[in-house]
Amino acid sequence: MKKQILIFAFLIALVTSTFAINEVTVTGAAGIADGTGYSTLAAAMTAIGTSQSGKTINVAVNPSTTEPNTGISIGAGDWTSLTIYPTGDDITVTAAAPSANLITFNGADNVTIDGRKNKSGTSRNLTITSPATVTYATIAFTAIAQSNTVKYCNIKGSVDGAVGLILFGGTAAATNGNGLNTIDNNLITNAGGVRPRLAIYAPGNTTNPTVGINITNNEFKDLINTTIASPAYILIGGGATATSSNWTITGNSFYETETLNMSHSAANTTLNFIQLGTTTASFVGNDNNISDNYFGGTAKQCGGGTYTVVSAAGRGTIHSGIYICAVAGGTNSIQNNTFQKINWTNKIGSVNWRAIDVYGAANYNIGTITGNTI
């Protein structure tokens, strides 16, 4: 009997061990046998490294993973492509107490995180979530990370500092900066508890501006932190000269399922859906396209009930749908955006709600191709 129990215990340990090391499997990489398993996505990326010339690599996330608190670093590999995707439903990648960005594209190029099960269909089966409330992004692009895509994922976070759930870093010593990346068809929302200050943040760089970012067909849901002076869904920073340009922000929905009762102590709180340029004297570059977006409601495309904002007692909330302050010498296009089902209550008389708010010496084509609906 003791021998049978020992054998049974051994088999359980063997099965448990097998599952533990096969949470993330790698195929197509040099120096790694196809199907080799790793306990975390971080471990798989370390094993892959960067010397993968011409390789087409697939990284399959099988059950959910709890990553090291130091995060997942995807380096500047020389692969042809690297794709990360789930093989099941409701797969989550997270860390218990992050001391770094959860996923960092650290100079990485040609990487796709595809949240669809086996890269097929339209369902979001991969959730990338960070419980960090200060300093650290859920996904960050740094050190000249270009030509990457994150699509069909649930991206969650709670960082309430000036970081953003998705961060395009301001330091990049090459043309286009941390640009030419695509964020497409994701649900971007809070991780529960603390709400973020910013969903997407690109502080910019005057020497190598962040150029050519595509933010397309995403849902921005329940993101506004009502206790912060200047929350926003998308903030593209500005300076004395242009720091970002050629952004395409199209087909997105911005909505809240709960009333936003603003409570910051400042006399006027500024709340923007999309903000390019931080003030009327801090600029972005030109050739930005903001079109076909939906602002308002409690569901995508202005569906459901009413998006509601109430300022604090005796205070005001300056609320803009689209805010741009761009330098002279170029043109920005703002077409076919919808502002609908928005209820804005202000408790001081000197501030306004503005659907489209533009500054600077740039040219703005507003509704010249297809009118915006308010």
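The sections below set out a description of the structure shown in this document. Note that the structure is a prediction, hence the values are computed from the model and not measured.

**As for the overall build of the protein**
Summing up its helical and strand segments, the protein has two helices and 35 strands in all. What you see for the protein is a C-alpha radius of gyration of 22 Å, in line with the 21 Å of a compact globule of 374 residues. Per-residue burial over the protein gives 52% buried out of 374 residues. For the protein, restricting intrachain contacts to residue pairs at least 6 apart in sequence, the fraction spanning at least 24 positions comes to 83%. Each charge sign in the protein was given a centre, from 17 positive and 17 negative side chains, and these centres are 7 Å apart.

**Here's the deal with the pairing of strand β16 (residues 187–190)**
By the bridge criterion, four bridges tie strand β13 (residues 153–157) to β16 in an arrangement that is parallel. Note on β16: the bridge partner recorded for I155 is I188. Sheet topology places β16 next to strand β20 (residues 219–221); two bridges connect them, and they run parallel. Each residue of the ladder has a partner; that of I188, found in β20, is F220.

**Some remarks on the pairing of strand β6 (residues 81–86)**
On a regular strand, one side chain projects to one face of the sheet and the next to the other, so that they alternate. For β6, the tally of buried residues reaches five of six residues, placing the bulk of the element in the interior. Where strand β3 (residues 56–61) lies against β6, six bridges are found, and the strand directions are parallel. In the strand pairing of β6, A60 is matched with Y85.

**Thoughts on the sheet that holds strand β11 (residues 139–142)**
Sheet architecture is open: nine strands sit in the order β5-β8-β11-β14-β17-β21-β26-β30-β34, paired in parallel fashion. Two strands close off the open sheet at either side, each with one partner strand: β5 (72–74) and β34 (353–360). Averaged over all pairs of adjacent strands, the angle between strand axes in this sheet comes to 25°, irrespective of strand direction. Sheet topology places strand β30 (residues 316–326) next to β34; seven bridges connect them, and they run parallel. The residue of β34 that forms the bridge with S320 is R354.

Definitions and cut-offs
Residues numbered from 1 in each chain as written. Predicted model: local features only at pLDDT ≥ 70, side-chain atom pairs only at ≥ 80, totals over all residues. Heavy atoms only, no water. Helix = DSSP H or I, 4+ residues; strand = E, 2+ residues; numbered from the N terminus. Rg over C-alpha atoms; globule rule 2.2 N^0.38 Å. Buried < 20%, exposed > 50% of the residue type's maximum accessible area, 1.4 Å probe, protein only. Contact = heavy atoms within 4.5 Å. Lys, Arg positive; Asp, Glu negative; His and termini not counted. Charge placed at Lys NZ, Arg CZ, Asp CG, Glu CD. Pairing = 2+ DSSP bridges. Axes fitted to C-alpha atoms, helices over the stretch in contact; angles between N-to-C directions.

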